[in-house]
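Here are the chains, one letter per residue:
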Amino acid sequence: MFAVSLLNSCNHDDWFDRESKTLITDQQLWNDPKLLTSLVANYYDRLPTLHGVFNTGGMTELDDAMWSGHRDQNWRNDFQFGDDYGRYWDYGLIRDLNLSLENIAKFSTQLSDAQRKQYNAEIRFIRAFVYFELVKRMGGVPIVTTQLIYDFSGDPTPLQVARSKEHEVYDFIYQELEEIKEDLAANNASKTRANKYAALALESRAMLYAASIAKYNNLMASPITTAGGEVGIPANMASAYYSKSLAASKEIISAPFALYTENADKGANFYDMLNKKTGREVIFAKDYATSLKVHRFAYDNIVRSLTEDNESSSTISPSLSFVESFDYLDGRKGTLHTKNTDGNYVAYPHIDAIFANKDARLYGTVIYPGSAFRGRSVSIQAGVAIWNNNKYQLHAAAQLGQQLKEELGKEYAGGLWTGFDGPLYDAQDVSNTGFYIRKFVSDAPAASTRGTSAANWWPWFRLGEIYLNAAEAAFELGQVADATGYVNKLRERAGFPVNSVTNLTMDIIRNERRVELAFEDHRFYDLKRWRIAHLVWDGSENDTNAVVYGLYPYRIARPGHVDDGKFIFERVRPARFRRARFFRMANYYASISQDVINKNPKIVRNPFH
Amino acid sequence: MKLLSSLLACISLLFVGCEYDNYEAPKSTLSGRIVYEGAPVGVRNNGPQLELWQDGFPLRSYIPVFLNQDGSFAASLFDGTYKLVRKGDSPWLQQAADTILVQVKGNTHLDLPVMPYFTISNPSFQQNDKGITANFTVNKIVNTANLQFVRLYLGKSILTDQGQQELRVDANLSLISFGQPVSILATLPDNLKNLDYVFARIGVKSTVSNEYYYTQIQKIALK
């Protein structure tokens, strides 16, 4: 052994000084466009969202839908928004972004000027996006733009950054985006990397939020503020923010984007707009690709009878109040006519006749009784109605898809009893409201299997939203004619005649946002910034908006009568929906974790927490 | 044999407990009521909360204290000094100094004074052939507060409030003058008419807060 050890020799020091084959050095990373692109891809993937990016569960926590999937998540139908609902405090991501910005400045010597500027701008866009997510959920947050590094002096106070004022964070976002937007122009051909128009779209949205908080917070009986301005924006700042939002929106509208109109069928067109990756509507998206990066939104939400896999389907059940928020094309309000003034049911000749002439976006968003998906019609029928003692008695079958034999009497035999797709008011994996979601549910082959999964993309920003942002900002600035034009343009795409709105109100704009942007992670924030969330989700069990209701179709079995074979509709509160949505004042700004306050005593609490 | 005994030795190791990580459960109780001028303040079931804090530890975390709808509360605690905090978005005024020092030793009782925006005094309910009439007086306690709703709630369950009720009748605010008797008449709907009894409560809400001040629940026999 001793002899062998003597045989070692060491005359080449560089043997110890080789480049590692398993480590990437800073010089390599920050000078290689390929490595940098994959680093930035990681940051794009971490862009934050609350109810978006195919978050099936989050979409069932508001008034647009309820959870009808597996019972283990029935708490979504039986909860109240906690103090920490929507809490977001991802300074880990902020640090990663700051570190990248500093290292590009320090190490990226071999990149061209244009490349360096572009990566720098992309990362700053992502950082602005993250700060927007922080400010809309938490109010004014500490603005940290450099790495915070401890100097081991025993004094941590330099690391403790206090919260900025709420408007300062919005100003920071605007200023950042203004500075970088031209540097992003090289990406303009891409829809999945930050480009100039994505920056403008973020400006458009963020400035609109700041403006409406400035306006509507101060119209409350007691505005939600903190003494230091960490929460609450002065009312006199509203019009400047609205103007900034409108300017950004106008620049996007005049750019080469267009509302998606590739399908002549307006309803299918609205669905295709988000499902197909063609057209010029989407400004910035999170993309997916089969066998590479997929999601299971179609698996979660496919109509029960169209499943290609087992164990799950039908998770999101859209609510009746949401379906009724779609107007009729002739300008009537969208309330469905189920009963006459005398209290009798209205009999419809076809199961989908009650939805005839509705805003085409209803078809594009919701699968309702009598409609089709993937070329196959769905089988939604709650049961049969039998005339007895001068009124209809409603009977549902024990099995889904059961044909009516002689169970209810010989004379009623024949025909479908309860559809394969329900609805059932207390079962899982079948609609509890009588509606299924169509929007974002991919119709690609095998998209609803877990093996293949879906690859349709998530639009962070699209032109439809920009039109509504422009309409709202213009309306608030008193430019009513312009605002009406934007709204009408969008409604034409949905099948309405030209100039369908002549007397624009804020309520119309708000309803347009609900129907156009449903399930796109807008409603929670919209209601918050208009300061009406506590009025809409008032926690009252008798409120048709705070409680998710369903609409159950029944086939009339009444031999010899003129209504035999027609359909009546019953408004139902599903048994699985347990507690009305209740948004408290404390939910306008989520509580900051005690852990954060323990570490940084300069952090001021949010109101009511 | 050797194998068996070594196996036994291994298994017996599993039964060894460490006494250092076993704390005794707290034995003291802090209980009390939310009161205004000695009278308990009713709240929504599962509604407003209190917070308990204790100093002297490096990291701070609060103990939530839930309120029963009659305004009573209880918490199991170790003996010591606690800070009790009355939070905002409650039917009472958020005090600038919202913290009360509480010395918990054994079972401690505490009446926690609050300043409601409005109160309701002298509630009484009469059942007649028309329905149920509630008589009461609305009092303004905080001068700057504005009245938003005065409501009569009827329900099948003892937990009856703004969230959970069978019938809600709004008082006409223009007819209400503070300190003067008012009444609300509720006509019983079909689903309540034939019951043996219903529960009744009156709530009052200011524009400032999202929560109501409630009277204590009353059971009204219908038969």
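Everything here concerns the structure above.
About the cut-offs
- Residues numbered from 1 in each chain as written.
- Chains lettered and ligands numbered in written order.
- Predicted model: local features only at pLDDT ≥ 70, side-chain atom pairs only at ≥ 80, totals over all residues.
- Heavy atoms only, no water.
- Helix = DSSP H or I, 4+ residues; strand = E, 2+ residues; numbered from the N terminus.
- Buried < 20%, exposed > 50% of the residue type's maximum accessible area, 1.4 Å probe, protein only.
- Lys, Arg positive; Asp, Glu negative; His and termini not counted.
- Charge placed at Lys NZ, Arg CZ, Asp CG, Glu CD.
- 1 Å grid on protein atoms, 1.4 Å probe; cavity = no way out; pocket = protein on both sides within 12 Å on 5 of 7 lines; lining within 4 Å.
- Points joined across faces, edges and corners; volume = space filled by probe spheres on them.
- Axes fitted to C-alpha atoms, helices over the stretch in contact; angles between N-to-C directions.
- Left-handed = near helix turned anticlockwise from the far one by under 90°.
- Contact = heavy atoms within 4.5 Å.
- Nonpolar A, V, L, I, M, F, W, Y, C, P; charged D, E, K, R; others polar.
- Pairing = 2+ DSSP bridges.
- Core = buried A, V, L, I, M, F, W, Y, C linked by side-chain atoms within 4.5 Å.
- Buried area = accessible area lost by both parts, 1.4 Å probe.
- Salt bridge = Lys/Arg side-chain N within 4 Å of Asp/Glu carboxyl O.
- Phe/Tyr/Trp six-rings, centres within 6.5 Å; stacked < 30°, edge-to-face > 60°.
- Lys NZ or Arg CZ within 6 Å of the ring centre and 35° of its normal.
- Expected span 1.5 Å × (residues − 1).

A. Expanded view of the overall build of chain A. Looking only at helices and strands, chain A features 19 helices and 12 strands. Overall, chain A is about 105 × 75 × 50 Å in size when its C-alpha atoms are taken along their principal axes. Per-residue burial for chain A yields a buried fraction of 58% across its 609 residues. Charge-centre separation for chain A: the mean point of 70 positive side chains lies 2 Å from the mean point of 73 negative side chains.

B. Spotlight on empty space enclosed by the protein. All names here are of chain A. The final tally for this structure, using the stated rule, is 4 cavities of 30 Å³ or more. In this model, the largest cavity occupies a volume close to 170 Å³. Considering the residues around the largest cavity, the lining is formed by 18 residues, among which Leu62, Asp64, Phe519, His522 and Arg523 are closest to the centre. Breaking the lining of the largest cavity down by element, the ones donating at least two residues are helix H16 (506-516) and helix H17 (523-529).

C. Inspection of the packing of helix H8 (residues 196-217) of chain A against helix H14 (residues 463-476) of chain A at higher detail. Residue and element names in this part refer to chain A. At a closest axis distance of 10 Å, the pairing of H8 and H14 adopts a crossing angle of 35 degrees. When the axes of H8 and H14 are compared, the crossing they make is left-handed. Listed contacts from H14 to Ala201, Ser204, Arg205, Leu208, Ser212, Lys215 and Tyr216 of H8 are Glu465, Ile466, Asn469, Glu472, Ala473 and Glu476. When the residues that make up the contact of H8 with H14 are grouped by side-chain class, the tally is 5 nonpolar, 3 polar and 5 charged.

D. Spotlight on the sheet that holds strand E9 (residues 118-128) of chain B. Residue and element names in this part refer to chain B. Strand order in the open sheet formed by 3 strands is E9-E10-E13, with antiparallel pairing between adjacent strands. Since the sheet does not close on itself, it has two edges, and those belong to E9 and strand E13 (181-186), each with one partner. On average, each strand axis in the sheet is inclined to that of its neighbour by 25 degrees, with strand direction left out of account. Across 6 bridges, the pairing between strand E10 (residues 131-140) and E13 is antiparallel. Counterpart to Ala134 in the pairing with E13 is Ile184.

E. View of the side chain of A:Ser540. If you trace the backbone, A:Ser540 turns up in the loop between helix H18 (533-536) and strand E11 (550-557). In this view, A:Ser540 contacts A:Ala546, A:Val547, A:Ala580, B:Gln162, B:Gly163, B:Gln165 and B:Arg168; residues no more than four positions away in its chain are not counted.

F. Geometry of the side chain of A:Glu122. Relative to the helices and strands, A:Glu122 is located in helix H6 (residues 113-138). Once residues within four sequence positions are removed from consideration, A:Glu122 is found in contact with A:Val40, A:Tyr44, A:Leu184, A:Asn187, A:Arg193 and A:Ala194.

G. Focus on the sheet that holds E11(A). Residues and elements named next belong to chain A. Taking strand neighbours across the sheet as the criterion, the 4 strands line up as E8-E7-E11-E12 in an open arrangement whose pairing is mixed. Across the chains shown, the open sheet's two edge strands, defined by having one partner strand only, are strand E8 (391-395) and strand E12 (567-572). When the angles between neighbouring strand axes are averaged without regard to direction, this sheet yields 40 degrees. Relative to E11, strand E7 (residues 383-388) is paired through 4 bridges, and the arrangement is parallel. Paired with Ile386 across the strands is Ala557, a residue of E11.

H. Molecular detail of the nonpolar core. Counting residues in each nonpolar core, the largest one holds 173 residues, and the members touching the most others are A:Phe125, A:Tyr131 and A:Tyr170. It is H8(A) that contributes the most residues to this core, 15 residues altogether. If we skip the residues at most four places from it in the chain, A:Phe125 touches A:Leu177, A:Ile180, A:Leu184, A:Ala194, A:Ala198, A:Ala199, A:Leu202, A:Phe284 and A:Phe461. B:Tyr82, B:Val102, B:Val138 and B:Tyr213 belong to the second-largest nonpolar core, a separate cluster that totals 52 residues.

I. The interface of chain A and chain B, seen in detail. With 21 residues of chain A at the interface, the matching set in chain B holds 19 residues. Of all residues in chain A, A:Met585, A:Asn598 and A:Phe608 give up the largest surface area on contact with chain B, accounting jointly for 26% of the area buried on that side. Our count for the chain A to chain B interface comes out at 1 salt bridge. Note that B:Lys87 is salt-bridged to A:Asp83, the shortest N-O span being 3.1 Å. Of the residues belonging to the side of chain A that touches chain B, the class tally is 6 nonpolar, 9 polar and 6 charged.

J. Region of the structure containing the pattern of salt bridges. Residues and elements named next belong to chain A. Applying the stated criterion across every chain yields a total of 57 salt bridges over all chains. Between Arg205 and Glu465 there is a salt bridge; the shortest N-O distance is 2.8 Å. Pair noted here: Arg205 is in helix H8 and Glu465 is in helix H14, with a separation of 260 residues, a long-range link. Of the charged contacts, one joins Arg361 and Glu512 as a salt bridge, the two residues approaching to 3.0 Å between their closest N and O atoms. On the criterion of sequence distance, the pair formed by Arg361 in helix H13 (residues 360-365) and Glu512 in helix H16 is long-range, its members being 151 residues apart. With respect to class, Arg361 is no different from Glu512; both count as buried. Taken together, the salt bridges that share partners define one network made up of Glu281, Asp327, Asp359, Arg361, Lys439, Arg462, Arg491, Arg493, Glu512, Glu516 and Glu520.

K. Quick look at unusual backbone geometry. Residue and element names in this part refer to chain A. Backbone torsion omega between Gly422 and Pro423 reads 5 degrees, so that peptide bond is classified as cis. In this structure, Asn357 takes a positive phi of about 65 degrees despite not being glycine. Note that Asn357 resides in the loop between helix H12 (320-324) and H13. Owing to a relative accessible area of 54%, Asn357 belongs among the exposed residues under this scheme. A positive phi is found at Arg531, a non-glycine position, where the angle reads about 60 degrees.

L. Molecular detail of the packing of aromatic side chains. Residue and element names in this part refer to chain A. Counting across every chain of the model gives 48 aromatic pairs over all chains. Ring centres of Phe322 and Phe519 lie 5.5 Å apart, and the angle between their planes is 75 degrees; on these two criteria the pair is classed as edge-to-face. Of the two residues, Phe322 is situated in helix H12 and Phe519 in the loop between H16 and H17; the sequence distance between them amounts to 197 residues. Relative accessible area serves as the criterion here: at 0%, Phe322 is assigned to the buried category. Through a chain of ring-to-ring contacts, the aromatic side chains of Trp75, Phe79, Phe81, Tyr85, Phe132, Tyr170, Tyr209, Phe524, Tyr525, Trp537, Phe583 and Tyr588 assemble into a single cluster. Its guanidinium or amino end placed over the ring of Tyr174, Lys244 lies 4.5 Å from that ring's centre, counting from NZ or CZ. Over the ring of Trp387 we find Arg558; its NZ or CZ atom is 3.7 Å from the centre of that ring.

M. The arrangement of H14(A) in detail. Between its first and last C-alpha, H14(A) extends 20 Å over 14 residues, near the 20 Å set by a 1.5 Å rise per residue. Taking burial as the measure, the 14 residues of H14(A) include 13 buried ones, the bulk of the element.

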